[in-house]
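Single-letter residue listing:
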Amino acid sequence: MKLYCLSGHPTLPCNVLKFKSTTIMLDCGLDTTSVLNFLPLPLVHSPRLSKLPGWVSKDGTVNLEKELKECAGRVFVDSQPEFCLPERELLDLSTVDVILISNYHCMMALPYITERTGFTGTVYATEPTLQIGRLLMEELVNFMERVPKAQSATCWKNKEIQRMLPGPLKDAVEVWTWKRSYSMQEVNSALSKVQLVGYSQKVELFGAVQVSPLSSGYSLGSSNWIIQSHHEKVSYVSGSSLLTTHPQPMDQSSLKNSDVLILTGLTQMPTANPDGMLGEFCSNLAMTIRAGGNVLVPCYSSGVIYDLLECLYQFIDSANLGTTPFYFISPVANSSLEFSQIFAEWLCHNKQSKVYLPEPPFPHAELIQTNKLKHYPSIHGDFSTDFRQPCVVFTGHPSLRFGDVVHFMELWGKSGLNTIIFTEPDFSYLDALAPYQPLAMKCVYCPIDTRLNFHQVSKLLKEVQPLHVVCPEQYTQPPLTQSHRSDLMLELQPPPMPYRRCSVLNLPFRRRYERVYILPELANSLVPSEIKPGISLATVSAVLHSKDNKHTLQSVPKPPPVAPSKKRKRVIEEPPVVLAPKPLLSGAVPLDAFLSTLQKHGITEVKVEETADGHILHLQAEDTLIQLEEDGTHIVCDNNEPLRTTLRDLVLRFLQKL
Amino acid sequence: MPEIKVTPLGAGQDVGRSCILVSIGGKNIMLDCGMHMGYNDDRRFPDFSYITQNGRLTEFLDCVIISHFHLDHCGALPFMSEMVGYDGPIYMTHPTKAICPILLEDFRKITVDKKGETNFFTSQMIKDCMKKVVPLNLHQTVQVDDELEIKAYYAGHVLGAAMVHIKVGSESVVYTGDYNMTPDRHLGAAWIDKCRPDILISESTYATTIRDSKRCRERDFLKKVHESIERGGKVLIPVFALGRAQELCILLETFWERMNLKAPIYFSTGLTEKANHYYKLFITWTNQKIRKTFVQRNMFEFKHIKPFDRSYADNPGPMVVFATPGMLHAGQSLQIFKKWAGNEKNMVIMPGYCVQGTIGHKILNGQRKLEMEGRATLDVKLQVEYMSFSAHADAKGIMQLIRMAEPRNMLLVHGEGAKMVFLKGKIEQEFSIDCYMPANGETATVTTNPSVPVDISLNLLKREMALGGPLPDPKKPRTMHGTLIMKENSLKLVSSEQALKELGLNEHQLRFTCRVQLQDPHSDTDTLHRVYTHLKSVLKGYTIQHLPDGTVMVESIVIKVSSSAEDPNTKVLLLSGVIRTRTWGVFFQPC
């Protein structure tokens, strides 16, 4: 059993597990942090961005004015943003049989895998994961295609040139594998390969392996996966949460008794308490509005935004924000809000009981009904006529490199009255803001990451007790910036097996048993004998059938009777050759009992001689020696076949045959 | 031989009060717990005293599963759990869990408040009963206990209807509840995978019917409504608040829009708004088309359909009214029916099945004079139309499901006995499987023949598989030998050697030695060689080796030659070997 690690990003994993005869890809996360190296894509012409100076090396030898622009001391690529894909050279991805998706954030590279590698398998995901994943992909494609950029910068990727660039561009890795966004057609084709699954559904893969998603408590439809055969169990934990937010709580007990537990997607903000961050978010928002400023919240279109809206729903009136307009701008804003209301089965208990009333599970339905929250596909159209300030705007993309958020940065960045509040933990806020510097706008950083922290995960592991843990190497040491915090790493016994991009791990697995089914006819013919109290043995001679990785044992067919008619000569299928079973003997021959048995069979003249290991019996009339020992019987008998057979049978009476 | 027993307490050769007991692998399961619309006395509920005479059912049942929210499938649930007494788990899907208590409360109100019955379950009992409900998701494998697992499949029929697969070890049963094999305007078609259950328990409401295409029926329906409206008549459509009602509403709504009709459409019960809201929130349970477009246009927001007020019934002019309940046995639909029955311009369209004993059933059978309560009679002059819109599988659909699931036995419930006989014959003929149709209180017993799961040591398996070549060839079965170790509950199949090792036993060697004297003038080595060539020519099919250490091996028997001390021409052959099944006899003949 092997694990191929195709992504180095601990929360956007992509691993391939070879287990028995199957090749299973676990998630295919798309590392989007690469876009931070690019200039933002403005929706309307931005004089500021277009006037940025081009970059020329200090000695003037390298001139990349067209491709690279300088802003506030940093260099950005002026091109359509590109993403860092999972590794494609480590193994032939067309051999992947299935892809298991754990949540909608971890499937963003799916079209690259399914459409560009010759993949012919099936993708498994829950319904919310599929639907919301589709929305996020649609949004991404829309953001890119709305502002097409003719230029595609490639010169800077030249190794010689990249070496001379200032950081962080200089240190960017695998730049040649970076790719532009996929097309909507590829998204549709990729998602058509998804097969929907429900929590705890058991899916058989080729009869060899069974996979089953479990609720992971992180987002709508998010799951951990169990990959098991009858005797081996691998748990894949990715993006799990123990906090009570909107999704169904995490199923922990089903992870028990794993041979290997692959652990990814822990919190990226181990020191930030989500509840505290939520409080800070609300108070900063209220403060800015009261002072007459606007609030910009760069966010994904699904996920934490539901919790933010729910929090605001309770907060608005007490903070006197009843008249402040809240805008949610995204090409998929409406769909995301609508979809969130129809997944009752996937929600926490409280929200489920609301549906039984029947009421919408999320209060943002009421915010929309009372016109407090309005949603628009983009800043163009209706929004431009409805737009009132001061206001709160939720919009993407959280990297601040594309999407409607770019427009608001340009619009509000120059005023100190306005505030930008970062809630998504995926991007460093300083890097995100870099191409907008100098900024007058206030910045507040309240990253909300509900995924497991190190304290929670060690408690979880103590509970479920996997034999081995595999995790990204980042989790085996404290974060670089806080090297003294030994509590911010995994300390386990035995130590976890770390992986990084391009690692190939041999998982410590000894497969020893396999399931086989004995057909009723054969089962009835078996004769068990008790060897020790509570333990019985039966010898089995049977025909083994293996089909679709399932093994059955059948009785050995009796040889067919010789065809009575001579007229029709048909080739009769030869019955399987029954090799004589070699019975193994066990036990010892007790002397006295054996002697009396001999006597019964007319052998009376026996001279017994004691030896170191047992006895030698001299059958004087027959001139035969029998040597009885603990582990063996030796019969020396010349040319008397009937006697030999008798003796053999008598000895065998006292022994167990296997 | 293990057996599976199925006993219907209700719905055995009958429609109504579905309640089927299944015993499988030592587990007892109750499938559905419904009431009978045709009775107002004790026969309204299943006879739970069949299970036990004295009191509570908890220790006799491992779980109760409710297939969908229709009262003939869940109407007796609070009675069973709170009045007879059952505290174990009750499984149903989320939509069923949401809607079921509302219908139960409705049922209770009609029975207790309107008819004044006592000794009936209370609102509190409904609530307490619902607390015992565990929601089921589609395709989720729910482990009721260590051995019993259940899995729900989509059944169409009504919102949240499910079929259940019940499995204990390698034995299994599928119960369909009510299902529909053709998608309709708001729901999808039932689906199940090839799970090969030992018994498939199927409803058979339309056992003998093969219905024409849905489109024709819809066209017919619209035509009849339209004609009636045109001549100024009133159309009454008795429905249940949830289910068919939504389908027909979608149908009329789109027709009204297309034809630009002005006559009002009313929906009689306060439930409407609520009912439609359930459909909006459980949109994932509707058909693909509605699910795909719900963000742009939610099909359950009706423009033309307005809530009904009792006074509207006397308004002049045409109108269409959806009223509950669907079998005209009580409530608002019956009141409106009484009002409109006298006018031949009016029409009543029965869109679903009516249970015997209800007014719906009577008028469908052509009865024109009805005896009402209080000895009054009612002349029925209005047109009576029947349109089979109830979403049950027809004969074709039932056969289709059998093909999907490939059961080993079939069992019919929820249908009329005479029709079942016909379908039973057809199933036995077409699929060559046994088909049962027990009456209420009768037990059908099916013996199963499960294979025994055993853990085989991978070494042994691989050794055997290697003999068959790299790819298994179905024509060349491979024989294997091993030892089955039975210890507590575990069954392990290992090679004999490993079995000895695992049990801490030593192998006992049984060796034989014998001397054979023969006259041969050659040297020892030559004699050995001659023995070797001789044996080779005599013993075909045995492995015979001449080893360099001066021995000949026949299989595992060692032969050595030495000269007698007294006479060099007398050679002594020493044969020694461990026991094998083959007798040594063959071997000595030539000597």
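Computed from a predicted structure; not experimentally measured.

Of the regular secondary structure elements, chain B holds 16 helices and 30 strands. For 591 residues, the compact-globule formula gives about 25 Å, and the C-alpha radius of gyration of chain B, at 37 Å, lies well above that figure. Taking the principal axes of its C-alpha atoms as reference, chain B extends roughly 135 × 55 × 45 Å. For chain B, with 591 residues in total, the buried portion stands at 57%. Sequence-distant contacts, at least 24 apart, represent 69% of the contacts inside chain B between residues at least 6 apart. Carbon and sulfur atoms provide 50% of the accessible area of chain B, an area that totals close to 25,300 Å². Taken as two groups, the 71 positive and 64 negative side-chain charges of chain B have centres that lie 6 Å from each other.

On to the overall build of chain A. Helix and strand counts for chain A stand at 17 helices and 32 strands. For chain A, the C-alpha radius of gyration of 36 Å lies well beyond 26 Å, the compact-globule estimate for 658 residues. Expressed along its principal axes, the backbone C-alpha trace of chain A runs to roughly 120 × 70 × 70 Å. The buried share among the 658 residues of chain A stands at 56%. Considering only residue pairs separated by 6 or more positions, chain A has 70% of its internal contacts joining residues 24 or more positions apart. Per element, the accessible surface of chain A, about 28,200 Å² overall, is 51% carbon and sulfur.

Averaged over every residue, the pLDDT of chain B is 86; the share at 70 or more is 95%. Within the model, pLDDT remains below 50 along residues 581-591 of chain B, and this stretch shows 28 contacts once partners closer than five positions in the same chain are excluded.

Following the sequence through the fold, Glu310 of chain A ends up in helix H7 (residues 304-315). Aside from chain neighbours lying at most four places away, what touches Glu310 of chain A is Lys351, Phe362 and Pro363 of chain A.

The next point concerns the interface of chain B and chain A. The interface of chain B with chain A comprises 79 residues on the first partner and 88 residues on the second. Carbon and sulfur atoms supply 60% of the area buried between chain B and chain A, which totals about 7,300 Å² over both sides. Linking chain B to chain A there are 2 salt bridges. Where Lys202 of chain A meets Glu149 of chain B, a salt bridge forms, and the shortest distance between an N and an O atom there is 3.0 Å.

So, about empty space enclosed by the protein. All names here are of chain A. Scanning the entire structure with this criterion turns up 4 cavities of 30 Å³ or more. Volume-wise, the largest cavity comes out at about 230 Å³. Looking at side-chain class alone, the lining of the largest cavity contains 7 nonpolar, 10 polar and 5 charged residues. Split by domain, the residues of the lining of the largest cavity number at least three in each of domain 1 (2-149 + 156-266 + 453-506) and domain 2 (274-445). In this model, the second largest cavity occupies a volume close to 160 Å³. Lining the second largest cavity, in full, are Leu12, Leu30, Thr32, His105, Met108, Leu136, Glu139, Leu140, Phe143, Tyr300, His397 and Asp426. Within the lining of the second largest cavity, the residues separate by chemical class into 7 nonpolar, 3 polar and 2 charged. In this structure, the lining of the second largest cavity is formed jointly by two domains, domain 1 (2-149 + 156-266 + 453-506) and domain 2 (274-445), each of which donates at least three residues.

We note that the domain assignment places domain 1 (2-149 + 156-266 + 453-506), domain 2 (274-445) and domain 3 (585-657) within chain A. One C-alpha centre belongs to domain 2 of chain A, the other to domain 3 of chain A, and the line joining them spans 93 Å.

In this section: the UniProt feature "domain: Beta-Casp" (unreviewed entry) in chain A. Within this numbering scheme, the UniProt entry marks residues 305-433 of chain A as carrying the feature "domain: Beta-Casp" (unreviewed entry). Taken end to end, residues 305-433 of chain A comprises 39% helix and 12% strand; its first and last C-alpha atoms sit 21 Å apart.

For the rest of this paragraph, the subject is the packing of aromatic side chains. Here the structure, examined in full by the defined rule, presents 36 aromatic pairs over all chains. Arranged with centres 5.9 Å apart and planes meeting at 55 degrees, the rings of Tyr327 of chain A and Tyr376 of chain A form a pair that is tilted. Here Tyr327 of chain A, found in strand S15 (residues 326-329), pairs with Tyr376 of chain A, found in strand S16 (residues 373-376); they are 49 residues apart in sequence, far enough to count as distant. Assigned by exposure class, Tyr327 of chain A and Tyr376 of chain A land together as buried. With 5.6 Å between their ring centres and 25 degrees between their planes, Phe267 of chain B and Phe322 of chain B make a pair best called stacked. Residue Phe267 of chain B is located in strand S13 (residues 265-267), and its partner Phe322 of chain B is located in strand S15 (residues 319-323); the two are separated by 55 residues in the primary sequence.

What follows deals with the sheet that holds strand S18 (residues 419-422) of chain A. All names here are of chain A. In spatial order, the strands read S16-S15-S17-S14-S18-S19; together these 6 strands make up an open sheet with parallel pairing. In the strand order of this sheet, the two ends are held by S16 and strand S19 (442-445), each with one partner. The mean angle between the axes of side-by-side strands here comes to 20 degrees, regardless of whether they run parallel or antiparallel. Pairing analysis gives 4 bridges linking S15 to strand S17 (residues 392-395), with the strands arranged parallel. Looking at the pairing, Phe326 lines up with Val392 of S17.

The rules behind the values
Along each chain, residue indices are assigned from 1 in the same order as the chain's sequence is written. Throughout, the order in which chains and ligands are written sets their labels, letters from A for the former and numbers from 1 for the latter. Thresholds applied to this predicted model are a pLDDT of at least 70 for local features of residues and 80 or more for the giving and counting of side-chain atom pairs; totals over whole chains, interfaces and linings are not thresholded and use all residues. The side-chain figures draw on all heavy atoms in the structure; neither hydrogens nor water molecules are used. Runs of H or I in DSSP of at least four residues are treated as helices and runs of E of at least two as strands, each being numbered from the N terminus. For the radius of gyration, the atoms used are the C-alpha atoms, and the globule rule reads 2.2 Å times the number of residues raised to 0.38. Burial classification: accessible surface area is computed with a 1.4 Å probe over protein chains only, and a residue below 20% of its type maximum counts as buried, one above 50% as exposed, and the rest as partly exposed. Contacts: residue pairs with any heavy atoms within 4.5 Å of one another. All accessibility values rest on the Shrake-Rupley procedure with a 1.4 Å probe; residue burial counts only the protein chains present in the view. This count recognises Lys and Arg as positive and Asp and Glu as negative, with His and chain-terminal groups excluded. Lysine's charge is taken at NZ, arginine's at CZ, aspartate's at CG and glutamate's at CD. By definition, pLDDT measures how confident the predictor is in each residue, and it falls between 0 and 100. Summed over both partners, the accessible surface that disappears when two parts come together, traced with a 1.4 Å probe, is what is meant by buried area. Should a side-chain nitrogen of Lys or Arg be within 4 Å of a carboxyl oxygen of Asp or Glu, the pair is scored as a salt bridge. With a 1 Å grid spanning the protein atoms alone, the term cavity applies to any set of points in which a 1.4 Å probe fits but cannot get out, the term pocket to an open set with protein on both sides within 12 Å along at least five of seven lines, and the term lining residue to any residue with an atom within 4 Å of a point. Grid points are joined across faces, edges and corners, and a volume is the space filled by probe spheres set on the points. By the convention adopted, Pro, Cys, Tyr, Trp, Phe, Met, Ile, Leu, Val and Ala count as nonpolar, Lys, Arg, Asp and Glu as charged, and the other residues, Gly among them, as polar. In this entry, domain limits derive from an automatic or database-based domain assignment. UniProt positions are given in the numbering used here, feature names are shortened, and annotations may be inferred rather than shown by experiment. Aromatic contacts are taken between Phe, Tyr and Trp rings whose centres are within 6.5 Å, Trp giving its six-membered ring; a plane angle under 30 degrees counts as stacked, one over 60 as edge-to-face, and the others as tilted. Each pair of strands is called paired provided DSSP finds at least two bridges between the two strands. To obtain each axis, a line is fitted to C-alpha atoms, and for helices this fit is confined to the stretch in contact; angles are then taken between N-to-C directions over 0 to 180 degrees.

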